[in-house]
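Listed here are the chains, written in short residue letters.
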Amino acid sequence: MTEPDPPSPIASGLSERGRRALDEFVLLWGEMASHWGINRTMAQIHALLYAAAEPLDTDVIMGRLQISRGNANMNLRALVDWNLVRKTHQAGSRKDFFVAESDVWTITTTIIEERQRREIKPVQHALDEVASDLRADGAGPDAALAGRVEALVEIMEVFDGFTRALLPLVRGRNTDKVRRVTKFASTLRRGASGGASS
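The model shown is predicted, which means the values in this text are computed figures rather than measured ones. (Residues numbered from 1 in each chain as written. Predicted model: local features only at pLDDT ≥ 70, side-chain atom pairs only at ≥ 80, totals over all residues. Heavy atoms only, no water.)

Enquirer: Got a minute to help me understand helix α3 (residues 58–65) in this structure?
Expert: Quick reminder: α-helices carry 3.6 residues per turn. Residues three or four places apart thus point the same way. Residues Thr58, Ile61, Met62 and Leu65 constitute the buried set of α3. Buried residues along α3 cover an arc of 100° about the axis, so they all sit on one side. In this structure, the buried residues of α3 make contact with α1 (16–32), α2 (40–51), β1 (56–57), α4 (69–81) and β3 (97–100). Its side-chain oxygen at 2.9 Å from the backbone nitrogen of Asp59, Asp57 defines the N-terminal cap of α3. Following α3 by one or two positions, Gln66 adopts a phi angle in the positive range, close to 55°. (Buried < 20%, exposed > 50% of the residue type's maximum accessible area, 1.4 Å probe, protein only. Helix = DSSP H or I, 4+ residues; strand = E, 2+ residues; numbered from the N terminus. Arc of directions from axis to C-beta. Contact = heavy atoms within 4.5 Å. Polar contact = N/O pair within 3.5 Å; in protein donor to acceptor, adjacent residues only side chain to side chain.)

Enquirer: Is there a simple way to think about the pairing of β3 in this case?
Expert: Within a regular beta strand, the side chains point alternately toward one face of the sheet and then the other, so they alternate between its two faces. Taking every second residue as pointing to the same face, both faces of β3 are buried, with Phe97 and Val99 on one and Phe98 and Ala100 on the other. Where strand β2 (residues 85–88) lies against β3, four bridges are found, and the strand directions are antiparallel. Each residue of the ladder has a partner; that of Arg86, found in β3, is Val99. (Pairing = 2+ DSSP bridges.)

Dropping the structure here:
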């Protein structure tokens, strides 16, 4: 006869309202996943680990999110690769336990850097190659298409530059400067939309 599983450490001590809020948080974090370049399950596992008061093992994660072991293991490996989660051990257990990075500044910096490295840089490089191939034939329709592709590369470089300028402020946890940059950008946007309508 197998022993019953211990109560989940995630929701222990939480009121009914707290458990509902935890479920909502995990769902919302999963919904946001597409905006920061990871899949929903990976984001939900991260949310669960972030909210947990103590490290969780794979079985607890699987049970709480109703996912397969393969799905849990694949996404936990990805989270470890992204440096958003680390593996740990507990005395008396042979299981692997996982704990999420809890500092929001570090999480934000990590996500921005990983997206730049994994997604934006490779796309920029590939688009550069496409434009170069099109330019090789000289003028005509190919050159016109090359111009449009190069415009995409240029705007990506602008965003890349903005990200590189913002990252040290985020890494340095400089809330005031980040807010000032955001406010300045908002002022520019309002000025541009006001100018467009006049």
